[in-house]
Amino acid sequence: MAGAGGGGNDVQWCFSQVKGAIDDDVAEADIISTVEFNHSGELLATGDKGGRVVIFQQETENKSQPQCRSEYNVYSTFQSHEPEFDYLKSLEIEEKINKIRWLPQKNAAQFLLSTNDKTIKLWKISERDKRPEGYNLKEEDGRYRDAATITTLRVPVFRPMDLMVEASPRRVFANGHTYHINSISVNSDNETYLSADDLRINLWHLEITDRSFNVVDIKPANMEELTEVITAAEFHPHQCNTFVYSSSKGTIRLCDMRASALCDKHSKLFEEPEDPSNRSFFSEIISSISDVKFSHNGRYMMTRDYLSVKIWDLNMENRPVETYQVHEYLRSKLCSLYENDCIFDKFECCWNGNDSVVMTGSYNNFFRMLDRSQRRDVTLEASRESCKPRQVLKPRRVCAGGKRKKDEISVDSLDFNKKILHTAWHPQENIIAVATTNNLYIFQEKVN
Amino acid sequence: MAGADSDDSLYPIAVLIDELRNEDVQLRLNSIKKLSTIALALGVERTRTELLPFLTDTIYDEDEVLLALAEQLGNFTMLVGGPEYVHCLLPPLESLATVEETVVRDKAVESLRKISHEHSPVDLEVHFEPLVKRLASGDWFTSRTSACGLFSVCYPRVSSTVKAEIRQHFRTLCSDDTPMVRRAAASKLGEFAKVLELEYVKSDIISLFTALASDEQDSVRLLAVEAGVSIATLLPQEDLEALVMPTLRQAAEDKSWRVRYMVADKFSDLQKAVGPEITKNDLVPAFQNLLKDCEAEVRAAAANKVKEFCENLPEDSRETIIMTHILPCVKELVSDTNQHVKSALASVIMGLSTILGKDNTIEHLLPLFLAQLKDECPEVRLNIISNLDCVNEVIGIRQLSQSLLPAIVELAEDAKWRVRLAIIEYMPLLAGQLGVEFFDEKLNSLCMAWLVDHVYAIREAATCNLMKLVEKFGAEWAQNTIVPKVLGMANDPNYLHRMTTLFCINALSEVCGQEITTKHMLPVVFKMSNDQVANVRFNVAKSLQKIGPVLDSNCLQTEVKPVLEKLASDQDIDVKYFAQEAISVLSLA
């Protein structure tokens, strides 16, 4: 039942495509910084550190070649953000795309929001297949006609031409943030969206660029008293008044915008009491939440911290309903991960179409599929070695210590420079997009 | 048109047509704005067969071009051959009604509404109504939102079968999947209700209104409030209670503050729509609740309506209602924790005095005014001061003057220059109401202090203020009180202050008249023409130019001219420039 978007560990994942340069020499600008499917799954957008957005389009189904079902090809590429310099604060503003969010489709064109640290932009991606022809005063090639020869007026006519895809900036939402923007999320009312930085969350109207409303502000009067920052924020998929934000202290706050204009007081606080036996110097760092995502049905939300994925029922605040270890074997390595700064990596997570499986990344180009109904999990690898067409991905195992079995990889041989931070799951089908440093892998369910 | 001779008159039109597809947006925009010229040159036939098809396909253009196009097409009926052919305009407007940009869509809808009136009843059913249906059942919500605005213009002029279809389409859109369309439907519900027969208002509209008012999206519910107000005006009094009041009551207590805010914001309209009886029984308690709402935004919106609400209360019970129900809430708002609420109240509270009369004002309102005059937030104090005229009419301003003075002094010295600027602007008004004696005693020194403020905008406003004061109190007063002080500043060591003297003279010369200007001001100006700072010197030239018309011609020739000539040979280029300009303006060359 591919169409149902179900699957999980029963699904055999096979290689479909890989995008990006093959050589190991990675240009900084090519590092993928975000991946996002649109609401139909027909388009897939990536953003990179160079400020570019690349959009892939799923080829229409080809009956004679069913294996090509989900081929994604480049549809449009454009420079979304440029590097800037804030002269007042003497700060460089990177062009890196932090997040991309698609808007629900409103007409034949597609719209997305992209953001770097400071500025959010609304882009329109549209197709054009006709162009006007016929001038009065010049030939089509630009040569001028003698004005004296004009005896009759000519009205231009539209003629078919090769399909052209255009990306045009429609709105620029600037100057709303003092700190770095980490999240944007479109409201289910389709007219507003939120943007969150380290200390504040702003609410914008999609058509108004010159003002936004501050709904959350956790900046203390004295910055020396700062103990936590906002790490991610998202709107509820159906309830227009509800949003959540996660913090570096491992808590998630749910706010109800109906209650008051300022949401400084949360209506729910999701927090798991700390296990004293696991307490260490790194406890606070690894409990920081790097991503929060509502399930499609709006009943649950998933959070990712350094070592685990937690699923929370919105009706239960005191502990998560499910907890999955992503790479528990790293617990003994925290010291070296702290030294090489990897402990601050911000892994994202995503749901499959029917909320039965979640996916998140790890090191060594491994990513994890966690099946909720069967409580089973599998580790897969995005690598050049297994990229023959339709090649099935083999599960990987990491040996946490003790005797290493055949097919197992020792923790010490994991490559911490290869990390999968950004992944996306097609909203209906079993197609996933996994970003390694500068490559985008697309895997799909094996069709027999 | 087959003649071999070229026609010179075609050239400009040819340029316009070519520029319809120029790369420069501005040129395209210019061409679109002259679309009627193009159409006129092409004639009605070619406009219909060539120009309109071209325009129908131009929806890839920039918003501003599309906006101009949508507007033009609303006035195009005669250019396509009159009402008989008006339906030819529908295809381009239809495609414009589906673009994503709201302003363009709205303009296209506006034009469609306009030309709908030019359709014959037959054309309306054959051409216009099918277009509305197409839009209403379009795939994209942009077209469905546009459809919402078109039902009300075709409904009154079509047959009853088509009317039934239109009602059905509207119903469908009210329960559309996307909140965008439901919002559009909610915002047009009132307008649509107005053209419906009363029986359908009761049967159809009420149920749609009830459904939209309990929509899951806050943004839909809040729009239903406004629709409720319109519907209430259409229904006979006896039906209001059963059909709309339950829903409106529910809106006033909605869980979302934005919906309650909307109720507060529309409260006066609502009050007028439901009439005095329901106002007394329902709206008074609802209004009290809004004034006590837990969300400051709602309280502020309600506070803004206090005066209007009280004014519109039925006369027989107005005073009782205000004294027993509204005033207690107002008293609480005076010490609200939120400054926006207090300042909203301060902007209307003075208006209550005219409604309540002298005795009540002195006994009940005066303490509130006094409290607000001492409020920590400058905006609150300013709002009170700016509305002093209402109170003045009822009890006279003397009652307040003891508290007024410290408030004014404090605002006049506020650290924020915008606050100082605001109070300066009220000075002439205050001076008029407090009288010259009080002014001289208490406020004059403030007005003079502003002249040496370190912010230019304040000095400038202070100068202008002096002029208005002189207009009020007369030239003689000026000569005795302010002119000496102003002229005294001409000897100030700070050149900025010396320039202020000149600016004051510029402003005062006309209101003070020839005598004071010639006798007192001119000598000072002349003396300053020797100032060591060039900026002062060229301002002397500018001042002379300015006050020249007030002086008599003898004085101009014998006294002003030599000074300007001297300045015209100054070593500073700016001084020269302004001196020469003054000479030529005053025709002294």
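Residues numbered from 1 in each chain as written. Chains lettered and ligands numbered in written order. Predicted model: local features only at pLDDT ≥ 70, side-chain atom pairs only at ≥ 80, totals over all residues. Heavy atoms only, no water.

1. Here's the deal with the overall build of chain B
Thought 1: What chain B contains, in helices and strands, is 34 helices and 0 strands.
Thought 2: Relative to its length of 589 residues, chain B is extended, with a C-alpha radius of gyration of 33 Å against a globular reference of 25 Å.
Thought 3: Its C-alpha atoms put chain B at 90 × 85 × 35 Å along the principal axes.
Thought 4: Per-residue burial for chain B yields a buried fraction of 57% across its 589 residues.
Thought 5: When contacts within chain B are restricted to residue pairs at least 6 apart in sequence, long-range pairs at least 24 apart make up 67% of them.
Thought 6: With an accessible surface of roughly 24,900 Å², chain B has 51% of that area assigned to carbon and sulfur atoms. (Helix = DSSP H or I, 4+ residues; strand = E, 2+ residues; numbered from the N terminus. Rg over C-alpha atoms; globule rule 2.2 N^0.38 Å. Buried < 20%, exposed > 50% of the residue type's maximum accessible area, 1.4 Å probe, protein only. Contact = heavy atoms within 4.5 Å. Areas by Shrake-Rupley, 256 points an atom, 1.4 Å probe, with all protein chains shown as cover.)

2. Digging into the pattern of salt bridges
Any two side chains of opposite charge can pair, on the condition that their charged atoms come close.
Thought 1: Considering all chains together, one arrives at 61 salt bridges over all chains under this definition.
Thought 2: The shortest N-O distance in the salt bridge between D204(B) and R167(B) comes to 3.8 Å. Note that D204(B) is positioned in helix α12 (residues 198-213) and R167(B) in helix α10 (residues 160-174), a separation of 37 residues in sequence. Across the pair, exposure class does not vary: D204(B) and R167(B) are buried alike.
Thought 3: Between R299(B) and D336(B) there is a salt bridge whose closest N-O contact spans 2.7 Å. With R299(B) in helix α18 (residues 296-304) and D336(B) in the loop between α20 (318-334) and α21 (339-348), this residue pair connects regions lying 37 residues apart in the sequence.
Thought 4: Using a relative accessible area of 10% as the deciding quantity, one classes R299(B) as buried.
Thought 5: Connected via shared salt-bridge partners are K124(A), R170(A), R171(A), D63(B), E100(B) and E101(B). (Salt bridge = Lys/Arg side-chain N within 4 Å of Asp/Glu carboxyl O.)

3. A few points about helix α34 (residues 573-585) of chain B
Residues and elements named next belong to chain B.
Thought 1: Spanning 13 residues, α34 covers 18 Å between terminal C-alpha atoms, matching the ideal 18 Å at 1.5 Å per step.
Thought 2: Looking at α34, one finds that the buried residues are V575, F578, A579, A582 and I583. End-on view of α34: buried residues confined to an arc of 140 degrees, all on one side of the axis. In α34, the exposed positions angled more than 90 degrees off the buried face are occupied by I573 and S584.
Thought 3: Packing partners of the buried residues in α34 comprise α32 (534-547) and α33 (553-568).
Thought 4: The N-cap of α34, judged by a side-chain oxygen 2.8 Å from the amide nitrogen of D574 a few residues on, is D572.
Thought 5: At the exit of α34 stands S587, carrying a positive phi of roughly 50 degrees. (Expected span 1.5 Å × (residues − 1). Arc of directions from axis to C-beta. Polar contact = N/O pair within 3.5 Å; in protein donor to acceptor, adjacent residues only side chain to side chain.)

4. Quick look at the packing of aromatic side chains
Thought 1: Under the counting rule described, the total for this entry stands at 35 aromatic pairs over all chains.
Thought 2: When the centroid spacing of 4.3 Å and the interplanar angle of 25 degrees are considered together, the rings of F287(B) and F309(B) count as stacked. Note that F287(B) is positioned in helix α17 (residues 267-291) and F309(B) in helix α19 (residues 306-311), a separation of 22 residues in sequence.
Thought 3: By relative accessible area, which is 0% here, F287(B) ends up buried.
Thought 4: Classification of F309(B) as buried rests on a relative accessible area of 1%.
Thought 5: Here the aromatic cluster, defined as three or more aromatic residues joined through ring pairs, consists of F15(A), F367(A), Y441(A) and F443(A).
Thought 6: Above the plane of the ring of F111(A) lies K106(A), whose end atom (NZ or CZ) is 4.8 Å from the centre.
Thought 7: For R167(B), the ring lying beneath its charged end belongs to Y200(B), and the centroid distance is 3.4 Å. (Phe/Tyr/Trp six-rings, centres within 6.5 Å; stacked < 30°, edge-to-face > 60°. Lys NZ or Arg CZ within 6 Å of the ring centre and 35° of its normal.)

5. So, the sheet that holds strand β32 (residues 440-445) of chain A
Residue and element names in this part refer to chain A.
Thought 1: Pairing within the open sheet is antiparallel, and its 4 strands lie in the order β1-β32-β31-β30. Each having just a single partner strand, β1 (13-19) and β30 (422-425) make up the two edges of the open sheet. Averaged over all adjacent pairs, the angle separating strand axes in this sheet is 20 degrees, with direction ignored.
Thought 2: As paired strands, β30 and strand β31 (residues 431-435) are joined by 4 bridges and run antiparallel to one another. In the strand pairing of β31, A424 is matched with A433. (Pairing = 2+ DSSP bridges. Axes fitted to C-alpha atoms, helices over the stretch in contact; angles between N-to-C directions.)

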